[in-house]
Amino acid sequence: MALFTRAPKPEPILGQNRAVAFFLAVLTWIIGLLFFFPLFWLVLNGFKEEAVASSSPTLIFDPTLDRFREVTETTNLLTFAEAFWNSFWIVLISTFIVMTLAIPAAYSLAIRPMRKWRDVLFFFISTKFLPIVGIIMPVWIIARDLNLLGTRTVLVILYTAMNLPLAVWMLRSFFAEVPKELVEASQIDGCSLLGQIRQVILPIVAPGLAATALLCVIFAWNEFFFALQLNNVGASTIPVWVNSQQKFQGQFLAGLSAASVLATLPVVLAGWVAQKRMIRGLALGAIK
Amino acid sequence: MSAVTVDQLNDGGRQSAEDQARAAELKRLERRDGWRRRIPILPALIYTILVTQIPFLFTLFYSLTDWRIDTPDPRQFIWFENYGSLSGDTFFLDSAWVSVQMTVMAVLGSLIVGTGLAILLDRKFFGQGFVRTLLITPFLVMPVVAGLMWKLQMFNSTFGIIGWVMNQLGLEPVEFATRFPLASVVVVLIWQWSPFMMLIVLAGLQGQDQSVLEAARVDGATSWGTFRQITLPQLRPFLELGTLLGAIYLIQVYDHIEVIVGGQPGARNLPFYIAGRSIGGGNRFGLSSAYSIVVVLASIIIANIGLRVLSNLLEDDS
Amino acid sequence: MAEVQYKDASRIYPGTDEPAVNKLNIDIPDGELLVLVGPSGSGKSTALRMLAGLETVNQGAVYIGGTDVTLKPPQDRDIAMVFQNYALYPSMTVGENMGFALKQAKVPKDERAKRVQEAARILDLEEYLDRKPKNLSGGQRQRVAMGRAIVRQPQVFLMDEPLSNLDAKLRVQTRTELSDLQARLGVTTVYVTHDQVEAMTMGDRVAVLNFGVLQQVDAPKTLYSKPANKFVAGFIGSPAMNLFDAESIDGRPAIGGVAAPISDSVAGQLGRVDGAAIGVRPEHLKLASSGIQGEVTVIEELGSESFVHVAIQHMGERTTIVVRDEGETETTRGQNVHVDFDGPIHVFDADGERVD
């Protein structure tokens, strides 16, 4: 079997020579493996004994699951189970709210635009240019005065605000891809507004919805700053838990690696499954 | 003759009354339609204003006071005194300079690497999908984990990979994160953000108009010529989008700095510095708010320039 | 089934001064197929969409079956529309697409299935009912779009360039099928096209629009033989009518130094020749031994006939006149020939209106 095949239609940019193509394929493989290497090493370290992980790098060792057991079982201030469920609920609820708010907004920006819709879209994007430090102090004080510091609620509120502009932007682009005539045809066919959205528009934009929701999940799951600043230990999330696995004495690299693997895995798996949709969602959706 | 005239008059009168009624009804319907168009956007709009704009007004207010969290809420107005002290605050100026360097290097670096990766991936070869998956993964990794991972298992001089490689090459390993804090952070940022840029550029490459490329080849253009004169201009909006989104996120980097270099001045950007001087324990709320306002203003100016340059991203698509 | 009326109907897009459709008045009797034709930007699609309820009628009114529907939303107008790109719902099968409107109208399931079957039979779509639109050819999609309209048994069919996405051969074939179907069903139809051949072959009557203003509405034959103004004269007919600003010879309109043989009454009505225009269709000209002098530049040979382009001097400028030649005389490029009048001549006054 040939190691490489030339694409028949999309002509590659770099040379069309077979030897060049082979070389480039090998080069791409090497770069891909290099990019992945730190993660590969992370996973390996997670299966090592602390002493092995904290000495000169080696590929030869007795794999053990002990580190995974330790990090999930230790009862620190914040346990893995607590952090996981905190993250789970915060991400789930905030993403749900984001989509609930963004879908009608995107409909209104793309399918039946009001006058000056562009200004409104610009406003949404511009809030992403507002550095978080510009609002963190009042947010902290308001949260403190409302007794929300150290609750999941405050993170749900903030993650929703953090992801909403991105979601509106991406969804608007997906909605804009729905042919105008389809909406008109459904109007003529006597479809109500809700029926129109449910039966005609949503089936078309479903992949876009999935990509958008996934991106919101990734950003919310990985968020660290708010979780660190606004949450004392009890209600905090997975990134804070991972960070707390650093110890000031003794060897901890293997345990930390195991914890990192656990923290990263859900999002990485989700991203792998949905990578093609994300390409569309991120770029085609936003450019269109 | 006169009867016809009267008739016409009557007819005209009735017509215009009907027209008026219709016009009034039309106006009513249009108003209702206007609200139907606006209402769906209101929840998202109101939410965003409540959570982002209102706190910002508070920040603006705090920045005019001498408020420290340890004094019992005096909030004494000192007007622009906080702003006046900024120009003499070397820590602030240093952090600002770090912010600029870090953002520019990380955005440009990941844009260049990402474009290269996209070009390499945009050809069929054995295992293309698999390699793409490998390349995407860094973007999905939690920033905290990325930071810890690089700091401990890559940069660390005793058990880090880079140190080990240097050892093999007969070089003396160094503690990267301490010696080159800014570069260390930027490397990790580029590692994480190149895949993102790659995805965007890849989408651009795959959305290219093939007939134009073929026409260029028929016209005898070299591959490089085709790339420079046809592909690159077509990629422009995608590169712009990557720059825009990358800048939005990278200017706010906090997690990587916190994890990799902690408070080292060499890699302390504005978000990190400001957080440290306020809720991070510094308690200088008034002063920090003034910092924040300056950052916001600078961001708005840069963003406006950026968006104006990239204005075609916001153009109509109909 | 019903008659349709536009009464002084205007559409002014927000932010513009020029109406896209300006005081349109057309009465379409029950069962007629009326074609709206015009160049792009003429307002023909806008006029159709006003009838559909997809565009606001800013002034005037639109009636369907005697009822004022000006302010009614599309779903309350009992119409069906066929779109240029067909607008088939991609997530639904052919059968679901065709039955969608009936489902919205809460027609019972059995009745719905029966009507979809019936329409599918008429359009030869029975074996495709379970397919998704993306698995159909262009022609099949077009038929599904037709089917979706037929199933509803509406008062009016609206068709917005329904054939323009088909290839040339299929377009001609579908054109005939569609006219035939419309005649059999007897449903009043408003049909928009930019293609004047399509307009002439399909329409019971054809309405020509330009810049939002109705130029003429008449049977195709009349439109061809008695165009109401210069625009219609130039727009209808292929190849186009030869249209010239008239020069004056002894107070009579002339082309290339040769006075056109028009009746005294037409000449009398016209009066001043200045600013008037004169038009002759290629088949009403012939190559002859005397007449307008010129040189053959292009010969379009069609087999049964040929169109000879002759460069002539007219009002001091070199211009081209097209003559239909039955092929009786041998002509070659560069040959010097004479062109003579051989049939009706159209005269338009300084406002571009026809003088009869």
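Just so we're clear, the structure is a prediction, and the values are computed from it rather than from any experiment.

**Quick word on the overall build of chain B**
Reasoning step 1: A count of helical and extended segments in chain B gives 14 helices and 0 strands.
Reasoning step 2: Taken from the N to the C terminus, the helices and strands of chain B come in the order α-α-α-α-α-α-α-α-α-α-α-α-α-α.
Reasoning step 3: Relative to its full complement of 318 residues, chain B shows a buried share of 50%.
Reasoning step 4: For chain B, the share of sequence-separated contacts (at least 6 apart) that also reach a separation of at least 24 residues comes to 66%.
Reasoning step 5: Accessible surface computed for chain B: about 14700 Å², of which carbon and sulfur atoms make up 64%.

**Examining the sheet that holds strand E8 (residues 188-193) of chain C**
Residues and elements named next belong to chain C.
Reasoning step 1: Strand order in this open sheet of 6 strands is E6-E7-E8-E3-E9-E10, and the pairing throughout is mixed. Edge positions in the sheet fall to strand E6 (79-82) and strand E10 (213-218), since each of these pairs with one other strand and no more. Across the sheet, the mean angle from the axis of one strand to that of its neighbour is 20°, orientation sign disregarded.
Reasoning step 2: Examined bridge by bridge, strand E3 (residues 33-37) and strand E9 (residues 205-210) share 4 bridges and lie parallel to one another. Along E9, the bridge assignment pairs Val35 with Val206.
Reasoning step 3: Seen against the sheet, helix H4 (residues 138-151) touches E6 and strand E7 (156-160) and runs at an angle of roughly 175° to E6.
Reasoning step 4: Where helix H5 (residues 168-185) meets the sheet, its contacts fall on E3, E7 and E8, and the angle it forms with E8 comes to roughly 160°.

**Topic: the pairing of strand E17 (residues 292-301) of chain C**
Reasoning step 1: Pairing between E17(C) and strand E20 (residues 336-341) of chain C: 4 bridges, direction antiparallel. Within E20(C), the residue paired with C:Gly294 across the bridge is C:Val337.

**Thoughts on unusual backbone geometry**
Backbone phi values are negative for most residues with the exception of glycine, while trans is the configuration of most peptide bonds.
Residue and element names in this part refer to chain C.
Reasoning step 1: Going from Ser238 to Pro239, the amide bond is cis rather than trans, its omega being 0°.
Reasoning step 2: Positionally, Pro239 belongs in the loop between helix H8 (230-235) and strand E11 (242-245).
Reasoning step 3: The residue Met315 is not glycine, and still its phi comes out positive at about 50°.
Reasoning step 4: Along the polypeptide, Met315 turns up in the loop between strand E18 (306-314) and strand E19 (317-325).
Reasoning step 5: On the basis of relative accessibility, which here comes to 45%, the residue Met315 falls in the partly exposed class.

**Points about the sheet that holds strand E21 (residues 346-348) of chain C**
Picture the strands of a sheet paired through backbone hydrogen bonds; they go either parallel or antiparallel.
Residue and element names in this part refer to chain C.
Reasoning step 1: Read from one edge of the open sheet, 4 strands run E11-E15-E21-E22, paired in antiparallel fashion. The open sheet is flanked by E11 and strand E22 (354-355), the only strands paired with a single partner.
Reasoning step 2: Judged from the 3 bridges that link them, strand E15 (residues 277-280) and E21 form a sheet pairing that is antiparallel. Across the sheet, the residue bridging to Ile278 is Val347, located in E21.

**Description of the pattern of salt bridges**
Reasoning step 1: Under the criterion given, the structure shown has 22 salt bridges over all chains.
Reasoning step 2: For the salt bridge of C:Asp356 with C:Arg354, the shortest nitrogen-to-oxygen distance reads 3.0 Å.
Reasoning step 3: A network of salt bridges, in which partner residues are shared, links A:Glu184, C:Arg11, C:Arg49 and C:Glu55.

**A closer look at the side chain of A:Ser87**
Residue and element names in this part refer to chain A.
Reasoning step 1: In this structure, Ser87 sits in helix H4 (residues 80-110).
Reasoning step 2: Relative accessible area serves as the criterion here: at 2%, Ser87 is assigned to the buried category.
Reasoning step 3: Beyond its immediate chain neighbours, meaning those up to four positions away, Ser87 contacts Trp221, Thr237, Ile238 and Pro239.

**Overview of the pairing of E8(C)**
Residues and elements named next belong to chain C.
Reasoning step 1: Counting buried positions along E8 yields 6 of 6 residues, so the element is predominantly enclosed.
Reasoning step 2: The pairing of E3 with E8 spans 5 bridges and is classified as parallel. By the bridge assignment, Leu34 is partnered in E8 with Val190.
Reasoning step 3: Where E7 meets E8, 5 bridges bridge the pair, whose relative direction is parallel. Bridge assignment links Met159 to a residue of E8, and that residue is Tyr191.
Reasoning step 4: Once you follow E7 into H5 and on to E8, the crossover reads as right-handed.

**Side note on the interface of chain B and chain A**
By a widespread convention, an interface's size corresponds to the accessible area lost as its parts come together.
Reasoning step 1: Of the residues lining the interface, 107 residues belong to chain B; the matching set on chain A comes to 114 residues.
Reasoning step 2: Interface area for chain B against chain A, summed over the two sides, is near 10100 Å², with a carbon-plus-sulfur share of 75%.
Reasoning step 3: Interface area lost by chain B to chain A is led by B:Arg123, B:Leu140 and B:Met142, which between them contribute 8%.
Reasoning step 4: Between the two partners, chain B and chain A, sit 0 salt bridges.
Reasoning step 5: Counting the contacts that link chain B with chain A gives 10 residue pairs in polar contact (both at pLDDT 80 or more).
Reasoning step 6: Here the element with the most residues in the side of chain B that touches chain A is helix H2 (residues 42-62) of chain B; it accounts for 14 residues.
Reasoning step 7: Grouping the constituent residues of the side of chain B that touches chain A by class yields 71 nonpolar, 21 polar and 15 charged.

**Quick look at the domain arrangement of chain B**
Reasoning step 1: Each assigned domain of chain B is listed here: domain 1 (2-51) and domain 2 (88-317).
Reasoning step 2: Placing a centre on the C-alpha atoms of domain 1 of chain B and another on those of domain 2 of chain B gives a separation of 53 Å.

**Examining a nonpolar patch on the surface**
Residues and elements named next belong to chain A.
Reasoning step 1: Residues Trp85, Phe88, Trp89, Leu92 and Ile93 make up a contiguous nonpolar surface patch of about 460 Å² in total accessible area.
Reasoning step 2: Structurally, Ile93 can be placed in helix H4.
Reasoning step 3: Since its relative accessible area comes to 37%, Ile93 is described here as partly exposed.

**Observations regarding the interface of chain C and chain B**
Reasoning step 1: Contact residues are listed per partner, giving 9 residues for chain C and 6 residues for chain B.
Reasoning step 2: Contact between chain C and chain B buries roughly 570 Å² in total, counting both sides, with carbon and sulfur atoms accounting for 59%.
Reasoning step 3: At the surface where chain C touches chain B, the tally comes to 1 salt bridge.
Reasoning step 4: Two residues, C:Asp68 and B:Arg22, come together in a salt bridge whose shortest N-O distance is 2.9 Å.
Reasoning step 5: Seen at the junction of chain C and chain B, the total is 2 residue pairs in polar contact (both at pLDDT 80 or more).
Reasoning step 6: Among the elements that take part in the side of chain C that touches chain B, strand E4 (residues 59-64) of chain C stands out by supplying 3 residues, more than any other.
Reasoning step 7: A class-by-class count of the residues in the side of chain C that touches chain B yields 4 nonpolar, 4 polar and 1 charged.

**Things to note about the nonpolar core**
Reasoning step 1: Core analysis: the largest hydrophobic core is formed by 184 residues, its most contacted members being A:Phe175, A:Ile201, A:Ile238, A:Trp241, A:Val242 and B:Met102.
Reasoning step 2: Both domains that meet at this core, namely domain 1 (2-51) and domain 2 (88-317) of chain B, each give it at least three residues.
Reasoning step 3: Once residues within four sequence positions are removed from consideration, A:Ile238 is found in contact with A:Phe80, A:Ala83, A:Phe84, A:Ser87, A:Trp221, A:Ala263 and B:Met142.
Reasoning step 4: Counting residues in each nonpolar core, the second largest holds 41 residues, with C:Val37, C:Val94, C:Leu125 and C:Val208 among its members.

**Here we look at the packing of helix H7 (residues 152-176) of chain A against H2(B)**
Geometry of a packed helix pair, given as the angle between the helix axes and the separation of the axes.
Reasoning step 1: At their nearest, the axes of H7(A) and H2(B) sit 10 Å apart, and the two run at 115° to each other. H7(A) and H2(B) meet at a crossing whose hand is left-handed. Each of A:Val156, A:Ile157, A:Leu158, A:Thr160, A:Ala161 and A:Leu164 in H7(A) lies in contact with H2(B), whose residues at this interface are B:Ala44, B:Tyr47, B:Thr48, B:Val51 and B:Thr52.
Reasoning step 2: Considering only residue class, the contact of H7(A) with H2(B) consists of 8 nonpolar, 3 polar and no charged.

**Observations regarding the packing of aromatic side chains**
Reasoning step 1: Applying the stated criterion across every chain yields a total of 34 aromatic pairs over all chains.
Reasoning step 2: Considering the side-chain rings of A:Phe84 and A:Trp85, the 5.4 Å spacing of their centres and the 85° angle between planes classify their relative orientation as edge-to-face.
Reasoning step 3: Considering the side-chain rings of B:Phe139 and B:Phe196, the 5.1 Å spacing of their centres and the 35° angle between planes classify their relative orientation as tilted. Here the residue B:Phe139 occupies a position in helix H5 (residues 128-140), and B:Phe196 occupies one in helix H9 (residues 181-206), the gap between them amounting to 57 residues.
Reasoning step 4: Owing to a relative accessible area of 3%, B:Phe196 belongs among the buried residues under this scheme.
Reasoning step 5: A connected cluster of aromatic rings, assembled from ring pairs, spans A:Phe80, A:Phe84, A:Trp85, A:Phe88, A:Trp89, A:Trp221 and A:Trp241.
Reasoning step 6: Lying over the aromatic face of B:Trp35, B:Arg38 brings its terminal NZ or CZ to 4.8 Å of the ring centre.
Reasoning step 7: The side chain of C:Arg281 reaches across the aromatic face of C:Tyr224, ending 3.8 Å from its centre.

**Thoughts on the confidence of the model for chain B**
Reasoning step 1: Averaged over all residues, the pLDDT of chain B is 82; the fraction at 70 or higher stands at 88%.
Reasoning step 2: Taken as a whole, residues 1-13 of chain B scores under 50 in pLDDT and shows 0 contacts with residues more than four places along the chain or in a different chain.

Each value, and the rule that gives it
Residues numbered from 1 in each chain as written. Chains lettered and ligands numbered in written order. Predicted model: local features only at pLDDT ≥ 70, side-chain atom pairs only at ≥ 80, totals over all residues. Heavy atoms only, no water. Helix = DSSP H or I, 4+ residues; strand = E, 2+ residues; numbered from the N terminus. Buried < 20%, exposed > 50% of the residue type's maximum accessible area, 1.4 Å probe, protein only. Contact = heavy atoms within 4.5 Å. Areas by Shrake-Rupley, 256 points an atom, 1.4 Å probe, with all protein chains shown as cover. Pairing = 2+ DSSP bridges. Axes fitted to C-alpha atoms, helices over the stretch in contact; angles between N-to-C directions. Salt bridge = Lys/Arg side-chain N within 4 Å of Asp/Glu carboxyl O. Right-handed = clockwise from strand over helix to strand, strands pointing away. Buried area = accessible area lost by both parts, 1.4 Å probe. Polar contact = N/O pair within 3.5 Å; in protein donor to acceptor, adjacent residues only side chain to side chain. Nonpolar A, V, L, I, M, F, W, Y, C, P; charged D, E, K, R; others polar. Domains from an automatic or database assignment. Patch = residues over 30% accessible without salt bridge, like charges linked within 9 Å, V, L, I, M, F, W, Y side chains within 5 Å. Core = buried A, V, L, I, M, F, W, Y, C linked by side-chain atoms within 4.5 Å. Left-handed = near helix turned anticlockwise from the far one by under 90°. Phe/Tyr/Trp six-rings, centres within 6.5 Å; stacked < 30°, edge-to-face > 60°. Lys NZ or Arg CZ within 6 Å of the ring centre and 35° of its normal. pLDDT = per-residue confidence, 0-100.

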